[in-house]
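Each chain, written out:
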Amino acid sequence: MVGPMYDCLANPLGAIRLTFEKAVGSGCEPSAFDGKDWGALDVFREFLVDQGNLSQVPVLNSETLKWVQPNTLVRFRGMVQDMLGNEFYAGAYKDGSGWRTNKFGDDSQQPIDSSPDVRVWERRLLYCVPVPGLNTWAESEAASEATVTSMDLTSQQRDKRQRMDAESMDYEVCPGSNIVLEDSPSAKRMREDGHPSLSVQLSDLKPEGPCSSTMMRPEVGDSPSCLVKVYDTRESELKLNDIFEFVGVFTIESEPVPADDGDDIDLTTGFRNDLVHLQANKVPCLHCIVHRKLAVSDFLRSSPIIEQSKHVVMNTRESLLRHLTMLLGNDGVAANYMLLHLLSKIHARVDNVAVGKLSLNLTCLSKEALSVFGVQLCNALRNLLPFTDSIPLTVNYLNTACLGPKKDYQRNRLIGGTLQLAEGSHLTIDETQLETGTLNSVGIENARLLKDLVELQKVEYDFTYYKMEMAADVQLLVLSEGKSNILPADIVLPVRPSDVSRPEVVSAEALGAWRWYLATMRTLSHTIESEIQEVVEKDLVAARQADRRIGSKEFSSLLTMGRLMSLSFGETTLSLEHWEMVKELEKLRKERIN
């Protein structure tokens, strides 16, 4: 039982160092703790799990930065934007007659050398940023999450601890002078018919200003970026663009930048010293003790828990579909496609095909129509999904924007582009503003990057000397007057609004249910039983015989729609009824196109 001598919240380093001294005093050699825990994690397990004190740990943001004290315990939620490599530090050293540790801190002035009185350990450096496109409601709900009944603090000694209850939060434990290996493996692992009859009604409802990127882009605030130092964790557990919650010791540190060529070798230590020079601007630093990968569902309120029953799913689906229909001018077909689009998620990759994506191009949207339906739809998406962003597709934007991430070797930082998004993000592209113009080399490259994201769900990262493609999982919605010639969406659908109504007032309870529904249904597993598979195959052959233009892309979209239609009802297997619904939707869509 951990005694009251440990103040994990106000003095976490004290708890860490006291347990280290106790372990060494019991006869253990410091070398036995190379990459291992000596019992410190048990202290934090008791504090965070058994005593349920996670809610007491302040969340690191622009407000808490004003008062949170260095060397105290904090939390940070963010996306891994860059992996800076590995760093050596004096993890344990002899101070007089006793051994001390510098793990989870940077207080030691002990130089790194080959002395037997110094144990040189290693940690990973991650540059983390607030989740791109994080909407205000998701940020506030994440910050206000006050009660956590259990967490799984799993140490790297897997044989010492078993997983806690499956319903608990899956936290992973991350059981001087700094040297960063920029070229280490972890640093390279980055991973068309209009409706003029509506014009009078549209002008009456037209809001002030166009449907611009400013209106569509959520205000995330000025939450800080954070340099996270991770200990004793497998490389496979942390990937670029993943979202994590880190709990650890807070310090302030200058941003590292590469040293000059003449300073590559530190003659006092004999180690290659790539990043010993520091910038003047300070960044928050967190020495991670525990971490947990977050999903979309982790940004929803955990209470009250909505029972996943067929009755609840059906009622939620019906009310959400009704809401989407209203937003799209009483266009039920467009609402059904929008629902499937919002449930889409990549669940496999076969060769160069991202299986599960369903990008949607809504056409017949003039600037006037977009100022009503587009604004309403984009506002709804911001309220339904935790991560949303938008792009105003103009010639000037394409010629000047930084869409792809690019390595800045002067700062030794990956500068995130607009398309460096977390898994589960939604991106709306407004093509109604695109006019005749000339693309420069940057514009041509940006157009290609967007096309690759829509088609392949991949984003190219520019490392100057080479380029690397990284897999993405982003829901893409294109709004345009005619079919987009730049962005080849999976589904092209002319919108046919028949009514214009002012946005309805949605209750907080309904919003919570819709958010839960979209986050939960898209994560369900799905299969197609052999009997239904035979029916699907016959229908696809018949469709191909009727229209030779239908190819593998169309077949893939149909199968994806069948899967998503089942999931929208909370079903994990495709039924004949749901397959017929998909065929009917496609029939209505093609009638509009033809």
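Parameters and conventions
- Residues numbered from 1 in each chain as written.
- Predicted model: local features only at pLDDT ≥ 70, side-chain atom pairs only at ≥ 80, totals over all residues.
- Heavy atoms only, no water.
- UniProt positions renumbered as here; feature names shortened; annotations may be inferred.
- Phe/Tyr/Trp six-rings, centres within 6.5 Å; stacked < 30°, edge-to-face > 60°.
- Helix = DSSP H or I, 4+ residues; strand = E, 2+ residues; numbered from the N terminus.
- Buried < 20%, exposed > 50% of the residue type's maximum accessible area, 1.4 Å probe, protein only.
- Lys NZ or Arg CZ within 6 Å of the ring centre and 35° of its normal.
- Salt bridge = Lys/Arg side-chain N within 4 Å of Asp/Glu carboxyl O.
- Axes fitted to C-alpha atoms, helices over the stretch in contact; angles between N-to-C directions.
- Parallel < 35°, antiparallel > 145°, perpendicular 65-115°, else oblique.
- Contact = heavy atoms within 4.5 Å.
- Nonpolar A, V, L, I, M, F, W, Y, C, P; charged D, E, K, R; others polar.
- Left-handed = near helix turned anticlockwise from the far one by under 90°.
- Patch = residues over 30% accessible without salt bridge, like charges linked within 9 Å, V, L, I, M, F, W, Y side chains within 5 Å.
- Areas by Shrake-Rupley, 256 points an atom, 1.4 Å probe, with all protein chains shown as cover.
- Lys, Arg positive; Asp, Glu negative; His and termini not counted.
- Charge placed at Lys NZ, Arg CZ, Asp CG, Glu CD.
- Polar contact = N/O pair within 3.5 Å; in protein donor to acceptor, adjacent residues only side chain to side chain.

Naming follows an unreviewed UniProt entry, where the protein chain appears as Mini-chromosome maintenance complex-binding protein of Linum tenue. In its Subcellular location (unreviewed entry) section, UniProt records this for the protein chain: "Nucleus".

Caption draft 1: Geometry of the packing of aromatic side chains. Under the definition given, this model contains eleven aromatic pairs. Aromatic side chains Tyr89 and Trp121 sit 6.5 Å apart centroid to centroid with 80° between the ring planes, which places their arrangement in the edge-to-face category. Placement of Tyr89 in strand β1 (residues 73-95) and of Trp121 in strand β3 (residues 118-129) is noted, with a sequence separation of 32 residues between them. Here the two residues Tyr89 and Trp121 agree in accessibility, since each one is buried. Between the aromatic rings of Tyr409 and Tyr465, the centroid separation amounts to 5.5 Å while the plane-to-plane angle is 50°, which identifies the pairing as tilted. Pair noted here: Tyr409 is in the loop between β13 (406-408) and β14 (413-415) and Tyr465 is in the loop between β16 (458-462) and β17 (467-471), with a separation of 56 residues, a long-range link. With relative accessibility at 26%, the residue Tyr409 sits in the partly exposed group. What links up through ring pairs into an aromatic cluster is the set Phe20, Phe33, Trp38, Tyr89, Phe104, Trp121 and Tyr231. Just above the ring of Tyr127 sits the side chain of Arg413; from NZ or CZ to the centre is 3.7 Å. Positioned above the aromatic ring of Trp137, the side-chain terminus of Arg515 is 3.6 Å from the ring centre.

Caption draft 2: How the structure looks around the pattern of salt bridges. One pass over the full model with this rule turns up 29 salt bridges. In this structure, the salt-bridge partner of Arg100 is Glu21, at a minimum N-O distance of 3.9 Å. A residue pair is termed long-range when its members are at least 10 positions apart, and Arg100 in strand β2 (residues 98-101) and Glu21 in helix α1 (residues 12-25) qualify at 79 residues. Relative accessible area serves as the criterion here: at 31%, Arg100 is assigned to the partly exposed category.

Caption draft 3: Just the packing of helix α7 (residues 310-327) against helix α9 (residues 367-384), in detail. One can describe the packing of α7 onto α9 by two numbers: an axis separation of 9 Å at closest approach and a directional angle of 150°. With respect to α9, the element α7 is oriented roughly antiparallel. Each of Leu320, His323, Met326 and Leu327 in α7 lies in contact with α9, whose residues at this interface are Phe373, Gln376, Ala380 and Leu384. Looking at the contact of α7 with α9, its residues break down into six nonpolar, two polar and no charged.

Caption draft 4: Region of interest: the packing of helix α8 (residues 332-343) against helix α15 (residues 576-593). Axis separation between α8 and α15 bottoms out at 10 Å; the angle between their running directions is 120°. Looking at the two axes, α8 sits oblique to α15. In the crossing of α8 with α15, the sense of the turn from one axis to the other is left-handed. Note on element contacts: α15 touches α8 through Leu585, Glu586, Leu588, Arg589 and Arg592, opposite Val333, Asn336, Tyr337 and Leu340. A class-by-class count of the residues in the contact of α8 with α15 yields five nonpolar, one polar and three charged.

Caption draft 5: Looking closely at a negative patch on the surface. Together, Glu529, Glu531, Glu534 and Glu537 make up a region of like negative charge exposed at the surface. Its location among the elements puts Glu534 in helix α13 (residues 530-546).

Caption draft 6: Looking closely at the side chain of Ser484. Mapped onto the elements of the fold, Ser484 is located in the loop between β18 (474-479) and β19 (491-494). On the accessibility criterion, Ser484 (5% relative accessible area) is buried. In terms of polar contacts, Ser484 uses its side chain to reach the backbone amide nitrogen of Leu487, at 2.9 Å. Residues in contact with Ser484, not counting those within four places in the same chain, are Asn361, Glu431 and Val478.

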